[in-house]
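Each chain, letter by letter, is given below.
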Amino acid sequence: MANARTLHTAFLAMCILDAVLLVRCDDRPHIVFVLADDFGFNDIGYHGSEIMTPTLDRLAGKGVKLENYYVQPICTPTRSQLMSGRYQIHTGLQHDIIWATQPSGLPLDSPTIAEKLKETGYATHAVGKWHLGFYKEAYLPTRRGFDSYFGYLTGSEDYYTHFRCDGMHSAGTAATHSGDPDSTFCGYDLRDNEVPVKDQLEKYSTHVFTEKAINVIHKHDQSKPLFLYMAYQAVHSPLEVPDRYTWDYYNIKDKNRRTYAGMVSCMDEGVANLTKALQDTGMWNNTVFIFSTDNGGEILAGGNNWPLRGWKHSLWEGGMRGVGFVHSPLLKNPGTATRELMHVSDWFPTLLALARGSTNGTKPLDGVDQWAMISQGQKSTRSEILHNIDILFPRNGDNLYPDIFDTRVRAAIRDRDYKLIVGNPGNSSWIPPPPTTTSNSTRTVPKVSHDAPAKNVWLFDITHDPYEEIDLSEKRPDVVKRLLARLASYNSTAVPPVYPRSDPRCDPKLHNGFWGPWES
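Residues numbered from 1 in each chain as written. Predicted model: local features only at pLDDT ≥ 70, side-chain atom pairs only at ≥ 80, totals over all residues. Heavy atoms only, no water.

Here we come to the state of the cysteines. All told, the structure shown has one disulfide when counted by the stated rule. Sulfur-sulfur distance for the disulfide between Cys165 and Cys186 comes to 1.9 Å. Taking the sign of the torsion about the S-S bond as the criterion, the disulfide between Cys165 and Cys186, at about 115 degrees, is right-handed. Here Cys186 lies in strand S7 (residues 184–188) and Cys165 lies in strand S6 (residues 163–167), a separation of 21 residues in the sequence. Free of any disulfide, Cys75 has its nearest cysteine sulfur in Cys165, 18 Å distant. (Disulfide = S-S within 2.5 Å. Helix = DSSP H or I, 4+ residues; strand = E, 2+ residues; numbered from the N terminus.)

Here you go:
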């Protein structure tokens, strides 16, 4: 024991000396997580896109590409599962997003990954989009484990003015009132920690957020590890970008796609500047860099998911098969792509394991630690993903298996090779990217589903049919029944959906013109 105490004392002395010299004694990696917004499967260069992403391509090419990686079809659910490691049926966020006018948020009894990393000694910082609730101060990022925060709290806004409007929402439905000024609230949304920011007007958000993240890196005390959550506004609508970023895309005929491409290029440049800051500070050699989208691309706002079926909001692959990769010197298998199954909820236990943290104090996690799969090429530790069960979504068709699970309910589940969808999955088309001036005459045209409107059960062998073209639901009723039973089992553990009526007390006019907490 005496020898052990002597060694421990000597180790502490060295750590103190190292801290003075700004040499890290803590060998745990820095973690930088970049989350893009509405970035489609066909919007990154290495998937064959006409959009140029040299930085992302280089990082992914020398890292590990996650080619069987799933997020959620819309913003809030993905962010909630990333932050909590729990399926949305277990946090009450299984229906739609959190609108700016709603008194809702990621439940406070679910500690965030930032809180758990902070417990282990990490410095934790967030930049960019939050979208996990703010109606009470307790839901703000700085109250959920982040040492600092710079960004916006709502779901989207103008890239230059940082201004947004939102209508009233009824409980239990995503419907909004439109055209009625008495039911629409408008205000600015940009904060430095918890203080409204007024000096960034007319500054493009991708540039602003990159600069703020770089500032965090340069100011970081390297005696401790860093967790930086960089949640870009890009490339969500509205379609806005400085003109110079679209100059290389003169060949794209569609204006929305051309502007969107420029937005992607600006984000790619931002990632280049971010990684350069890590290199300049000497942090890059001990950093785990993660890039992910939050959902599939929005076809109506320039995004594209070809050749996948569907898009944002849908339960088809185009809505939730995400672009993602990891780059780090800690990888044993750089320059590879894995087709092992992974879900966005897995980041919570994976990052916590990297930080040598504990899950004590968390509710049961739905995510699993995937670091061995990512870093060493091992098999995935999961074989199943619950994509969602949304009992508030309008029901569709007839209940075909009333003794197992109501097939009118919108839900989807993945089990090994198979994927089952029930209810109304959303738009089911396959949409190729818009033509360019260099497109040939045999360009692929959109393909539309001919399913009957009341159809509500689909089964696919996703491993061998990743584009969801061959429905096996009638040929394999045994698999359908088995997966319906799994949905029923999950549903028995679900908490009621939280989707409250809008609260007029949210009106920014009552809060100095800014969106922010309105309830004590």
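Let us keep going from here.
So, about the packing of aromatic side chains. Overall, the coordinates contain 22 aromatic pairs when judged by the stated rule. Measuring from centroid to centroid gives 6.2 Å for Trp130 and Phe146, while their planes differ by 90 degrees, and the two rings are edge-to-face. Pair noted here: Trp130 is in the loop between strand S4 (123–129) and strand S5 (148–152) and Phe146 is in the loop between S4 and S5, with a separation of 16 residues, a long-range link. You'll find Trp130 and Phe146 in the same group, each marked buried. Ring pairs connect the aromatic residues Phe33, Tyr69, Trp130, Phe146, Phe227, Tyr229 and Trp347, which therefore count as one cluster. Sitting above the plane of the Phe150 ring, Lys212 keeps its charged end 4.7 Å from the centroid. One cation-aromatic arrangement involves Arg309 over Trp316; the distance from NZ or CZ to the ring centre is 3.9 Å. (Phe/Tyr/Trp six-rings, centres within 6.5 Å; stacked < 30°, edge-to-face > 60°. Buried < 20%, exposed > 50% of the residue type's maximum accessible area, 1.4 Å probe, protein only. Lys NZ or Arg CZ within 6 Å of the ring centre and 35° of its normal.)

Turning to the sheet that holds S5, a few remarks are in order. In spatial order, the strands read S9-S8-S5-S4-S10-S1-S11-S12-S2-S13; together these 10 strands make up an open sheet with mixed pairing. Lying at the two open borders of the sheet, with one neighbouring strand each, are strand S9 (195–196) and strand S13 (336–338). Here strand S8 (residues 191–192) pairs with S9 via two bridges, running antiparallel. Across the sheet, residue Asp192 finds its bridge partner in S9, namely Val195. The strands touched by helix H5 (residues 205–219) within the sheet are S4, S5 and strand S10 (226–231), with S10 carrying the most contacts at an inclination of about 180 degrees. (Pairing = 2+ DSSP bridges. Contact = heavy atoms within 4.5 Å. Axes fitted to C-alpha atoms, helices over the stretch in contact; angles between N-to-C directions.)

Let us look at the packing of H5 against helix H6 (residues 255–280). Across the interface, H5 lies against H6 with an axial gap of 9 Å and an inter-helix angle of 10 degrees. Here H5 lies roughly parallel to H6, going by the angle between them. Where H5 approaches H6, its residues Thr206, His207, Thr210, Ala213, Ile214, Ile217 and His218 are matched on the opposing element by Cys266, Met267, Glu269, Gly270, Asn273, Leu274, Ala277 and Leu278. Residues of the contact of H5 with H6, tallied by class, amount to eight nonpolar, six polar and one charged. (Parallel < 35°, antiparallel > 145°, perpendicular 65-115°, else oblique. Nonpolar A, V, L, I, M, F, W, Y, C, P; charged D, E, K, R; others polar.)

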